[in-house]
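# Architecture and fold: a report
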Amino acid sequence: MRNKRKKTIGIIGGAGPMAGVLLMQKIITICQKKYKCINDFDFPKIILLSYPFAQMLKPLSFEQDEKRVAKQLKEAIDFLNNSGMDYITIACNTLHGFINEPYGNKLINLITETKSFLLEQNLSKVLVLCTKTSKLKGLYNFAKTKFLSPKDLQWIEGLIKKILSGVFSF
């Protein structure tokens, strides 16, 4: 593995900073188990960009500035792109609703990957646990999905806030 150029991975976190940390941890675990990485030089270069995004969990309110979040996301993607990343991913479902440009094969889209997985597994029903913003943006509006009630969506967002504040951790 030493002489072979490994692919580089950029992770955009910050929309829940722990989401980026957890995704990086999963990537490292996969490298250890699937690719038998042991030594430092066995692992890919990974950049975790924890970006302080503007409010995105209050759709249809004056507090949520769609254009600002989209601009911040573009800035984060451009930063990782200019840093030479081969692949870029976003560790947040909701942020995918603010992607305004095609980024080609470089951006690993969580929504697209989820849809592919559902089709491969031939699942008959899927319950989507997401934010109100994700639901309103139609991120998971594809066959076989069911959404929570508005009351349950509110509960999920409360849970997300508790995770963000460190009340709950993994």
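Everything here concerns the structure above.
Here is what the cut-offs are and how they apply
Residues numbered from 1 in each chain as written. Predicted model: local features only at pLDDT ≥ 70, side-chain atom pairs only at ≥ 80, totals over all residues. Heavy atoms only, no water. Pairing = 2+ DSSP bridges. Helix = DSSP H or I, 4+ residues; strand = E, 2+ residues; numbered from the N terminus. Phe/Tyr/Trp six-rings, centres within 6.5 Å; stacked < 30°, edge-to-face > 60°. Lys NZ or Arg CZ within 6 Å of the ring centre and 35° of its normal. Expected span 1.5 Å × (residues − 1). Buried < 20%, exposed > 50% of the residue type's maximum accessible area, 1.4 Å probe, protein only. Arc of directions from axis to C-beta. Contact = heavy atoms within 4.5 Å. Patch = residues over 30% accessible without salt bridge, like charges linked within 9 Å, V, L, I, M, F, W, Y side chains within 5 Å. Areas by Shrake-Rupley, 256 points an atom, 1.4 Å probe, with all protein chains shown as cover. Salt bridge = Lys/Arg side-chain N within 4 Å of Asp/Glu carboxyl O. Right-handed = clockwise from strand over helix to strand, strands pointing away. Core = buried A, V, L, I, M, F, W, Y, C linked by side-chain atoms within 4.5 Å.

### Here we look at the sheet that holds strand β2 (residues 46–50)
Spatially, four strands are ordered β2-β1-β3-β4 in an open sheet, and the strand pairing comes out parallel. In this open sheet, the two edge strands, each paired with only one partner strand, are β2 and β4 (107–108). Inspection of the sheet shows strand β3 (residues 87–90) paired to β4 by two bridges, in the parallel sense. If you follow T89 over to β4, its bridge partner there is I108.

### Comments concerning the packing of aromatic side chains
A complete count under the given rule lists two aromatic pairs for this structure. Over the ring of F98 we find K137, and its NZ or CZ is 4.5 Å from the ring centre.

### A look at helix α1 (residues 17–34)
The first and last C-alpha atoms of α1 sit 26 Å apart over 18 residues, in line with the 26 Å expected at 1.5 Å per residue. Buried residues of α1: G20, I27 and C31, and no others. Along the axis of α1, the buried positions cluster into a sector of 40°, meaning they face one direction only. Counted as exposed and oriented over 90 degrees from the buried face of α1: K26 and K33. Those residues of α1 hidden inside the fold are in contact with β1 (9–13) and β2. Taken from the residues just after α1, K36 is the one with a positive phi, measuring 55°.

### With respect to a nonpolar patch on the surface
The grouping of M18, V21 and L48 at the surface amounts to a nonpolar patch, some 220 Å² of accessible area in total. Here M18 shows up in helix α1.

### Quick look at the pairing of β1
Counted residue by residue, β1 has five buried out of five residues, so it is predominantly covered. Residues I9, I11 and G13 line one face of β1 and the alternating positions G10 and I12 line the opposite face, and both faces are buried. Since β1 and β2 lie parallel, the crossover through α1 that links them has a hand, and here it is right-handed. The pairing of β1 with β3 spans four bridges and is classified as parallel. Bridge pairing in β3 links G10 to I88.

### Concerning the environment of I111
Secondary-structure assignment places I111 in helix α3 (residues 110–121). Look at I111 and you get buried, because its relative accessible area is 10%. In this structure, the C-alpha to C-alpha distance between I111 and Y140, residues 29 residues apart in sequence, is 7.0 Å. Setting aside residues no more than four positions away along its own chain, I111 makes contact with N93, H96, L139, Y140 and F142.

### As for the pattern of salt bridges
Under the counting rule described, the total for this entry stands at four salt bridges. The partner of E66 in a salt bridge is K137, with the nearest N and O atoms 2.7 Å apart. Taken as a pair, E66 in helix α2 (residues 66–82) and K137 in the loop between α4 (132–136) and β6 (145–147) lie far apart in primary sequence, 71 residues in all. Under the relative-accessibility criterion, K137 is labelled partly exposed at 28%. Counted as one network, the salt bridges with shared partners bring together K74, D78 and E101.

### So, the nonpolar core
By size, the foremost hydrophobic cluster in this structure holds 21 residues, and its most contacted members are I12, F53, L73, I90 and L95. Counting only elements with at least two residues in this core, the list comes to α2 and β3. Looking at this core element by element, the count peaks at six residues for α2. Once residues within four sequence positions are removed from consideration, I12 is found in contact with L49, F53, L73, A76, I77, L80, I88, T89, I90 and A91.

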